[in-house]
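Listed below are the residues making up each chain.
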Amino acid sequence: MSTSTAPFSSRTRWLTLAGTVVMQFALGSVYTWSLFNGKLSAKLDEPISQVAFSFGLLSLGLAIASSVAGKLQERFGVRNVAIGAGILMAIGFYLTAHASNIYLLWLSAGVLVGLADGAGYLMSLSNCVKWFPERKGVISACAIGAYGLGSLGFKFICGYLLSVTSLENTFIIWGAMAMTMIIIGALMMTDAPAQQPTQNALGTTRDYTLAESMRLPQYWMLALMFLTACMSGLYIIGVAKDIGESLVHLTSQTAANAVTVIAIANLSGRLVLGVLSDKMARIRVISLAQIVSLAGMSLLLFTQMNETSFYLSVACVAFSFGGTITVYPSLVSDFFGLNNLTKNYGVIYLGFGIGSVLGSLIASLFGGFTVIFSLIATLLTLSLAMSLLIRQPARERHAQPVLQRG
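Residues numbered from 1 in each chain as written. Predicted model: local features only at pLDDT ≥ 70, side-chain atom pairs only at ≥ 80, totals over all residues. Heavy atoms only, no water.

- Under the annotation held in an unreviewed UniProt entry, the protein chain carries the name Major facilitator superfamily protein yhjX and is attributed to Duffyella gerundensis.

What follows is the structure, encoded as structure tokens:
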């Protein structure tokens, strides 16, 4: 255990990990949203595309709230902010159940639920990683893996609720369950102690404030790489079924199997690359993820697609996306320190929301898949070059940048 956590009992940090996992599982439930598009479309008499826009707003709200969660934690503590997030999520789902028009749906399911999810997600993850500075990759994999499992677990929970009760009651029960799990998880959490700078042969690592980080070119290189990974992952995941039907001419039922393939690949990427990031330089893990994603995009762009290659291509992109969002918190802490991780990663995490909107916007403006696939492949190539060239900011007592070390 590091010296910074020595005054605290081992039980405290393991309880925090358990609470984070429980909370992340509940927060991940929002990724079951596609189950409700059809029923809400019929209820509100609105096109499915308008209803589905709620999830785009949710993703944007999640990213925005994540970027300010660090300031909330400093003022109120991780436990209180998490409890507030749970209550806000329940309110959002309650209002969603009673939304009578599309604008109220966007406000409740999009803005409120998104802000609640974002307020809890990055803050609890960063706090948990700080408790385990010696195994950041594994801890990120546990927490973010739970977030991914939450989408899978609540798919069955919400599906069952829809089969036995009304749409309105399903939202209310879902909100109550999520709030209960989040509050239980929050009560198990403790704010991590401040981390001491680590010493090694290369010098002393330092903690950069957000203002200091944003003045460094490395910060914006990492931000662009993250934006690219999110845009590629979120866009392909969101339209995988349509790609299968349009490009591969699969039946609707066969193309829908891509959802299961994506869920398995996404979770595998979180676990495999998360664990791997504690065994090799994390920036090299990101390079590996970019190569895998490029392979998937190349299959979509340059091959005559069949069912097997279609599943393989979306699996590559989902694997890369899941692994990238797992490794990135620890990677950002390698570059800019642990103590300001929530703030430093929070601004970079805005790329999640921007990427979710940008991919769909470009696709709608230019039409078809070829343009957006080509753009994503170009950005991935640029990101791969950046990941191979980027170096950590110079450590204290050293004027020259040094190679990234995991």
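Alright, that's what it looks like, and here's the rest.
1. Thoughts on the nonpolar core
Thought 1: Judged by nonpolar contacts, the single largest core of 79 residues is most densely connected at Leu-222 and Tyr-328.
Thought 2: Per-element tally for this core: the top contributor is helix 5 (residues 102-131), with 13 residues.
Thought 3: Of all hydrophobic cores here, the second largest spans 31 residues; its members include Ala-255, Leu-294, Ile-372 and Phe-373. (Core = buried A, V, L, I, M, F, W, Y, C linked by side-chain atoms within 4.5 Å. Buried < 20%, exposed > 50% of the residue type's maximum accessible area, 1.4 Å probe, protein only. Helix = DSSP H or I, 4+ residues; strand = E, 2+ residues; numbered from the N terminus.)

2. Observations concerning unusual backbone geometry
Thought 1: If you check the backbone angles, Asp-45 has positive phi at about 55 degrees while not being a glycine.
Thought 2: Structurally, Asp-45 can be placed in the loop between helix 2 (37-44) and helix 3 (48-76).
Thought 3: With a phi angle near 60 degrees, His-249 is a residue other than glycine that sits in the positive phi range.
Thought 4: Along the polypeptide, His-249 turns up in the loop between helix 9 (217-246) and helix 10 (252-256).
Thought 5: When its relative accessible area of 65% is taken as the criterion, His-249 is described as exposed.

3. Here's the deal with the pattern of salt bridges
Thought 1: Scanning the entire structure with this criterion turns up 6 salt bridges.
Thought 2: Between Arg-282 and Asp-278 there is a salt bridge whose closest N-O contact spans 2.8 Å.
Thought 3: A salt bridge links Arg-282 to Asp-334; the shortest N-O distance between them is 2.8 Å. With a gap of 52 residues between them, Arg-282 in helix 12 (residues 282-302) and Asp-334 in helix 13 (residues 307-336) connect regions that are remote in the sequence. Each member of the pair, Arg-282 as well as Asp-334, carries the same accessibility label: buried.
Thought 4: Counted as one network, the salt bridges with shared partners bring together Arg-13, Glu-134 and Arg-135. (Salt bridge = Lys/Arg side-chain N within 4 Å of Asp/Glu carboxyl O.)

4. Regarding the domain arrangement of the protein chain
It is common to give the size of an interface as the accessible area lost on bringing the parts into contact.
Thought 1: One can read the domain layout of the protein chain as domain 1 (14-188) and domain 2 (210-389).
Thought 2: Look at where the C-alpha atoms of domain 1 and domain 2 centre, and you get two points 21 Å apart.
Thought 3: Taken residue by residue, the interface counts 33 residues in domain 1 and 29 residues in domain 2.
Thought 4: Of the roughly 2,500 Å² buried between domain 1 and domain 2 on both sides combined, carbon and sulfur atoms contribute 67%.
Thought 5: Between domain 1 and domain 2 we count 1 salt bridge in total. (Domains from an automatic or database assignment. Contact = heavy atoms within 4.5 Å. Buried area = accessible area lost by both parts, 1.4 Å probe.)

5. Some thoughts on a nonpolar patch on the surface
Thought 1: Taken together, the side chains of Leu-60, Ile-64, Leu-104, Leu-107, Val-111, Leu-115, Val-357, Leu-361, Leu-365, Phe-366 and Val-371 present a nonpolar region at the surface, about 900 Å² in accessible area.
Thought 2: For the nonpolar patch, the elements supplying multiple residues, two or more each, are helix 3, helix 5 and helix 15 (350-366).
Thought 3: Positionally, Ile-64 belongs in helix 3. (Patch = residues over 30% accessible without salt bridge, like charges linked within 9 Å, V, L, I, M, F, W, Y side chains within 5 Å. Areas by Shrake-Rupley, 256 points an atom, 1.4 Å probe, with all protein chains shown as cover.)

6. Looking at helix 14 (residues 341-348)
It helps to recall that an α-helix has 3.6 residues per turn; residues three or four apart then point in one direction.
Thought 1: Most of helix 14 sits out of view: 7 of its 8 residues are buried.
Thought 2: Among the residues of helix 14, Leu-341, Thr-342, Lys-343, Asn-344, Tyr-345, Gly-346 and Ile-348 are the ones counted as buried.
Thought 3: Against helix 3, helix 5, helix 8 (210-214), helix 9, helix 13 and helix 15 lie the buried residues of helix 14.

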